[in-house]
Each structure stands twice: as C-alpha cells, then as structure tokens.
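# Coordinate inspection notes
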Amino acid sequence: MAAIIIIIIVIIIVVIILASCIKIVPQANAFVLERLGAYQATWDVGLHFKTPFIDRIAKKVLLKEQVVDFAPQPVITKDNVTMQIDTVVFFQITDPKLFAYGVENPIMAIENLTATTLRNIIGDLELDETLTSRETINSKMRSSLDIATDPWGIKVNRVELKNIIPPQAIRDAMEKQMKAERERREAILRAEGEKKSTILVAEGKKESVILEAEASKQAVILEAEAKKEATIKEAQGQAEAIVTVQQANADGLRFLKEAGPNEAVITLKSLDAFAKAADGKATKIIIPSEIQGIAGLAKSVVEVATDVKETK
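Attention here is on the structure that accompanies the text. The structure displayed is predicted, hence computed values, not measured ones.

Two numbers describe how helix 3 (residues 106-122) lies on helix 5 (residues 134-149): the axes approach to 10 Å, and their chain directions differ by 135 degrees. By the angle class used here, helix 3 and helix 5 are oblique. Where helix 3 crosses over helix 5, the handedness of that crossing is right-handed. Residue-level contacts link Ile-110, Leu-113, Thr-114, Thr-117, Leu-118, Ile-121 and Ile-122 of helix 3 to Ile-137, Lys-140, Met-141, Ser-144, Leu-145, Ala-148 and Thr-149 of helix 5. Broken down by class, the residue content of the contact of helix 3 with helix 5 amounts to 9 nonpolar, 4 polar and 1 charged.

Let us look at the nonpolar core. Ranked by internal contacts, the top residues of the largest apolar core, which has 29 residues, are Ile-85, Val-89, Ile-110, Leu-118, Ile-137 and Met-141. Broken down by secondary-structure element, the contributors of at least two residues to this core are strand 8 (82-93), helix 3, helix 5 and strand 9 (154-165). Dropping the residues within four chain positions of it, Ile-85 is found in contact with Ala-71, Pro-72, Gln-73, Val-75, Leu-118, Ile-122, Thr-130, Leu-161, Asn-163 and Ile-164. Counting residues in each nonpolar core, the second largest holds 5 residues, with Val-25, Phe-31, Trp-43 and Ile-57 among its members.

Cut-offs applied
- Residues numbered from 1 in each chain as written.
- Predicted model: local features only at pLDDT ≥ 70, side-chain atom pairs only at ≥ 80, totals over all residues.
- Heavy atoms only, no water.
- Axes fitted to C-alpha atoms, helices over the stretch in contact; angles between N-to-C directions.
- Helix = DSSP H or I, 4+ residues; strand = E, 2+ residues; numbered from the N terminus.
- Parallel < 35°, antiparallel > 145°, perpendicular 65-115°, else oblique.
- Left-handed = near helix turned anticlockwise from the far one by under 90°.
- Contact = heavy atoms within 4.5 Å.
- Nonpolar A, V, L, I, M, F, W, Y, C, P; charged D, E, K, R; others polar.
- Core = buried A, V, L, I, M, F, W, Y, C linked by side-chain atoms within 4.5 Å.
- Buried < 20%, exposed > 50% of the residue type's maximum accessible area, 1.4 Å probe, protein only.

See below:
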C-alpha cells in the first residue's frame, strides 16, 4: 500500500515537472532562455519546451511599443534661464537578448539619458528658441536617444516635449504680452468691422442713388414716350381730317362733274365761292368780268324778292 502511494506521488511530481517545462509564448512577447546560467535562446510566439532543472526563463520581454512619461527636469538655456521640461519617450524593444543583458535597469537608464540629452540641447538654445523649436528639439532628442539605446536592444521611435515651464516672472511677462497681442488683434478686428460696415452703408447709399436716378430716367423716358405718342395720334387725327375733307371735296367735284352742270350752275357756284371768300378777312374782292353780269342779275332778283315779301 505504501509503495502504491509512493508511486502515485512520484507520478504526480513527474507530471508537475513536465507541465512546468511546457511554455507558451503569447503574441508580442519573447522569452529569454538560460541554461545553467548562460544565455541559451530567445523564444518567439508559440509552444516551447525546456529541460527540467537546467533551463530557466531569465526574462520575459514585451515587444509592443511602450510609452514612458518622465517627470519635469530642470534645464538652463543659453541665456541663463532655468525652466522645467517634462518629456514623453515612445520606445520599442527590438532585441530581447540585448535588452536582458545590455543594461541593469533600462527604463531608469533611458530617463537619465533623456535628462542629459535634453540639458545638452537646451543649453545651446535661448529662451525664445526653446519655446518655438519644439519639433527641432524632439528630432534631436529622438536621434540621440536612438543611437544611445541601440546597444540595449531598444529603438526610440519618438520623443515629445510635453510641457515647457519657464520661471514665474517670465510667465507673467508672457501673459502680459499675450494679453496685449489679443487686445491688438481685437482692435484690428473691430476697426475692420467698422470699415466693412461703413463700406456697406456707402454701397447701400450708392445703390439707392443709382436706383433713384434710374427711376427718374425711366419716368422721363415714359413721359417723353407718352408725349410722342400723343403728338403722333394728334398728327394722325389731323391728317385723317385733311384726308376726309379732301376726299369730300373730291367727291363733290366728281358728283358735280357726273351731273353735267350748265353755264348757269357753274356761274352760281362761282358766286358762292366768292361769297365765302367775302366772309373772310379780305378787304377787297376782284370779281371777273364774266360773272359780274350774273352777279348784278342775282342782286336784282334778291331785291325783287324782298320787295314782294314786304308788299305781302
């Protein structure tokens, strides 16, 4: 019975040992394997087996891009202004073996290296250049750190200056300058607004004057057109009246001609024409000799008719 228990215990121990020798490396990870204290291999993603008791996993390395936010570091510019700058470093482990054996504490090493590099770069710049040259500083920092960390199996992808904090006196001066600049821009915008408003008012008045002039012009044109139309109508009426009178005279002459008048009728018509002429403003009327006798005869007839009327 005791032997059976011992066998069971041994089997359990063997199973546990074998299970501990089976390792699965997850995605974006790498395991550094040591055998008897010496580097043996780097395991990539997948299922792996190690030799019991003599092999061990020395370091588990994350291959994803990592971000480290370092605390603000005091730096001095070229013009002796002390400011606080904090940085953010984006890095990725490219060689797990170098990362495991290259430096004791990689993150602390990167932080110290970042602070040193930042002081060197800022020391060559004045305050104004520091405040306006973030991209340049970031590029120089990334290049320097990438070269320095390459022996550690680390690649620095980006470096960003998170905050640049100048001394309080300089911040106050900058705030006053920014306030003055805002007030200047506000004054410029207000002046431009007033200018545009004045221009719009002037353009409105101009449009109004143009419209009034156009209306007056149209009124004059319409009045002239009306007068022209009235004059044309009046002239057409007079012309039609003249045509009508001439047509009536022509018709009278035509009817008279068709009737075949004798000498006496023609003479009477002549007397009638002279009578009408006498009603005008002429002071003298010359009667042709041919109709003088007829005229006297007509006068005698009129006088006889008058006497007979009075006798009755």
